[in-house]
Amino acid sequence: MPLLLGALFLMGCSPSAKSHDMAESEGHSTACDEQELALPEVPEEFVLPRERAAYVLAHFWDSMDFSDTSRSLDTAFMEQNFANFASLLPHVDADAVSAAAESVLKKAASCRAAYDFFMDIAEKYLYNPNSPMRDEIAYAGFADVAISQNMLDEASRARVEYQRECALKNRAGSTAADFAYERFDCSCGKLHDFCAGSALTLLLFYDPECEICHQTIEALASDDMLTSLASSGRLRVLAVYPDGEKELWRRHASDMPKAWTLGIDYGNIEDRSLYAFPALPSLYLLDRSSKVLLKDAAPQSLLMYLFETTSRTS
C-alpha cells in the first residue's frame with residue numbers, strides 16, 4: 001500500500017505523520033511543515049481505502065490559496081504537493097478524479113498564472129511519457145475540466161484538446177485500432193488477424209535507428225519469461241516501424257529477434273491518426289480479440305503484468 005494511502009487509511013493524517021510527530025516531540029520543525037499541505041481529516045464513516053482516497057483527493061487543496069503566488073507559482077512546493085495528490089489517483093475511479101480536478105481547478109481559477117502553472121504540472125506528472133506517475137486517463141479528466149472552464153488561451157487549449165484525444169485513443173479496455181502492415185517478405189497482414197493467432201500479442205512500435213528502442217528490444221528479447229511465453233505460443237510479438245522508410249527498415253532487420261514478426265507501415269497509421277506516439281518505442285499488450293490490456297507500457301510494467309497474469313493461470 002503506498003505511503004500516502006496507508007497514512008490516510010490508518011490515521012487520516014499527513015503522509016509524513018510519524019516523522020512529523022517525532023520532530024515535534026523533539027522541538028523541531030520538518031520540511032513537511034513548509035513544503036506539504038496537511039491532508040484533510042477524513043470523516044469516520046469513510047472506511048474503505050478507496051472511499052478515503054476519494055475524499056482526500058476532493059479536499060486535498062482546500063487549504064491552498066492559489067492567489068498566494070509565493071506558493072502557487074513555487075515549483076518545488078507545487079510539484080511536491082501534486083506528487084502527493086497524484087499518488088492517490090490510481091486508487092480511485094474516474095468520477096473521483098473528475099470531481100477532484102473540478103475542485104482544484106475551480107480554486108486555481110482565482111489566479112490565471114497559477115491556473116496555467118497547475119495545468120503545466122499536471123501535464124508533466126500525468127501525461128509526459130517519462131513520468132513515473134504517468135496516468136493518461138487521469139490527465140484526460142483534468143483536460144475535460146480545463147476545456148470546459150475556458151481558462152486556457154487558444155494555443156494551450158488546442159494542445160490540451162490534442163493531448164486529451166491522444167490519451168483516450170486505444171486506451172486500456174478498448175479495441176486497438178486495426179491497421180495493415182507489410183511483412184519482410186513483402187506479404188501483407190492486419191493487426192486484428194495477427195492478434196487472433198495467440199492469447200496475447202505484444203505490439204511494439206519502433207524506429208530502427210533509435211538507441212532506446214534497441215535497448216528495449218534487447219531487454220525484452222533476453223527476458224526468459226517473455227521468451228518462454230513466445231516459445232509456447234501463448235504470446236506473439238509484432239514489431240512495426242511506422243515511418244515507412246523501407247530501405248532503412250530492411251537494413252536493420254537483422255538487429256531484430258528472429259522469432260518476432262517485423263512489419264512496416266507507409267504512413268497509414270499517422271495519416272489516419274490511429275495511434276499516438278509521444279515517444280518510441282511504444283509497447284501495447286493486446287488479447288486475442290485485440291482488446292488493449294496495456295497501452296504504451298514501460299518494459300518493466302509489461303513484464304510485471306505478464307508475470308502476474310501467467311502466475312494466476314499456470
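Small disclaimer: the values here were computed from a predicted structure and weren't measured.

Draft legend 1. Region of interest: helix 8 (residues 112–126). In this model helix 8 runs 21 Å from its N-terminal to its C-terminal C-alpha over 15 residues, within 8% of the 21 Å that 1.5 Å per residue would give. Residues of helix 8 that are buried: Ala114, Tyr115, Phe117, Phe118, Met119, Ile121, Ala122, Tyr125 and Leu126. Packed against the buried residues of helix 8 are helix 5 (69–72), helix 6 (75–86), helix 7 (94–108), helix 9 (136–149) and helix 10 (154–168).

Draft legend 2. Seen up close, the nonpolar core. One finds Trp61, Phe66, Met78, Phe82, Leu105 and Phe118 to be the most contacted residues of the largest nonpolar core, which totals 51 residues. Counting residues per element, the ones that place at least two in this core are helix 4 (49–59), helix 6, helix 7, helix 8, helix 9 and helix 10. It is helix 8 that contributes the most residues to this core, nine residues altogether. In contact with tryptophan 61, not counting residues within four places along its chain, are Leu37, Phe66, Met78, Asn81, Phe82, Phe85, Val104, Lys107 and Phe118. The next biggest cluster of nonpolar side chains, apart from the first, holds 29 residues, and it includes Val237, Ala253, Leu302 and Leu306.

Draft legend 3. Expanded view of a negative patch on the surface. Among the surface-exposed residues, Glu209, Asp243, Glu245, Glu270 and Asp271 lie close enough to one another that they form a single negatively charged patch. As for its placement among the helices and strands, glutamate 270 is situated in helix 15 (residues 268–271). Classification of glutamate 270 by relative accessible area gives exposed; the value is 57%.

Draft legend 4. Inspection of the pairing of strand 6 (residues 282–287) at higher detail. Most of strand 6 is tucked away, with six of its six residues classed as buried. Both faces of strand 6 are covered, namely the face carrying Ser282, Tyr284 and Leu286 and the face carrying Leu283, Leu285 and Asp287. Inspection of the sheet shows strand 3 (residues 200–205) paired to strand 6 by six bridges, in the antiparallel sense. The residue bridging leucine 202 from the neighbouring strand is leucine 285, located in strand 6. Taken together, the two bridges between strand 6 and strand 7 (residues 292–294) define a ladder with antiparallel strand orientation.

Draft legend 5. Representation of the pairing of strand 5 (residues 261–264) within the structure. Both strand 1 (residues 180–183) and strand 5 contribute to a ladder of two bridges, which runs antiparallel. By the bridge assignment for strand 5, glutamate 182 is matched with isoleucine 264.

Draft legend 6. The pattern of salt bridges, seen in detail. Scanning all chains against the criterion turns up 12 salt bridges. The shortest N-O distance in the salt bridge between arginine 134 and aspartate 296 comes to 2.8 Å. Placement of arginine 134 in the loop between helix 8 and helix 9 and of aspartate 296 in the loop between strand 7 and helix 16 (299–313) is noted, with a sequence separation of 162 residues between them. In this structure arginine 134 comes out as partly exposed when scored by relative accessible area, which is 21%. On the basis of relative accessible area, aspartate 296 is assigned to the buried category, the value being 12%.

Draft legend 7. Quick peek at the sheet that holds strand 6. The strand order across the open sheet formed by seven strands is 2-1-5-4-3-6-7, and the pairing between neighbours is mixed. The strands lining the two open edges of the sheet, one partner per strand, are strand 2 (188–190) and strand 7. The average angle at which neighbouring strand axes cross in this sheet is 35 degrees, direction not considered. Here strand 1 pairs with strand 2 via three bridges, running antiparallel. By the bridge assignment for strand 2, glutamate 182 is matched with cysteine 188.

Draft legend 8. Focus on the packing of helix 9 against helix 10. Taken N-terminus to C-terminus, the directions of helix 9 and helix 10 make an angle of 145 degrees; their axes are 9 Å apart at the nearest point. By crossing handedness, the relation of helix 9 to helix 10 is classed as left-handed. Packed against helix 9, whose contacting residues are Glu136, Ile137, Tyr139, Ala140, Ala143, Asp144 and Ile147, the element helix 10 presents Arg157, Val160, Glu161, Gln163, Arg164, Cys166, Ala167 and Leu168 at the interface. A breakdown of the residues in the contact of helix 9 with helix 10 according to their chemical character gives nine nonpolar, one polar and five charged.

Draft legend 9. Highlighting the layout of surface pockets. Computed from the structure, the largest pocket encloses a volume of approximately 1100 Å³. Lining the largest pocket are 35 residues; nearest its centre among them are Arg134, Lys295, Asp296, Ala297 and Ala298. With six residues, the top contributor of residues to the lining of the largest pocket is helix 16. Here the lining of the largest pocket is built from residues that sort into 22 nonpolar, six polar and seven charged. Reported here for the second largest pocket is a volume of approximately 240 Å³.

Thresholds applied
Residues numbered from 1 in each chain as written. Predicted model: local features only at pLDDT ≥ 70, side-chain atom pairs only at ≥ 80, totals over all residues. Heavy atoms only, no water. Helix = DSSP H or I, 4+ residues; strand = E, 2+ residues; numbered from the N terminus. Expected span 1.5 Å × (residues − 1). Buried < 20%, exposed > 50% of the residue type's maximum accessible area, 1.4 Å probe, protein only. Contact = heavy atoms within 4.5 Å. Core = buried A, V, L, I, M, F, W, Y, C linked by side-chain atoms within 4.5 Å. Patch = residues over 30% accessible without salt bridge, like charges linked within 9 Å, V, L, I, M, F, W, Y side chains within 5 Å. Areas by Shrake-Rupley, 256 points an atom, 1.4 Å probe, with all protein chains shown as cover. Salt bridge = Lys/Arg side-chain N within 4 Å of Asp/Glu carboxyl O. Lys, Arg positive; Asp, Glu negative; His and termini not counted. Charge placed at Lys NZ, Arg CZ, Asp CG, Glu CD. Pairing = 2+ DSSP bridges. Axes fitted to C-alpha atoms, helices over the stretch in contact; angles between N-to-C directions. Left-handed = near helix turned anticlockwise from the far one by under 90°. Nonpolar A, V, L, I, M, F, W, Y, C, P; charged D, E, K, R; others polar. 1 Å grid on protein atoms, 1.4 Å probe; cavity = no way out; pocket = protein on both sides within 12 Å on 5 of 7 lines; lining within 4 Å. Points joined across faces, edges and corners; volume = space filled by probe spheres on them.

Keep in mind that these numbers describe shape and distance, not what the molecule does.
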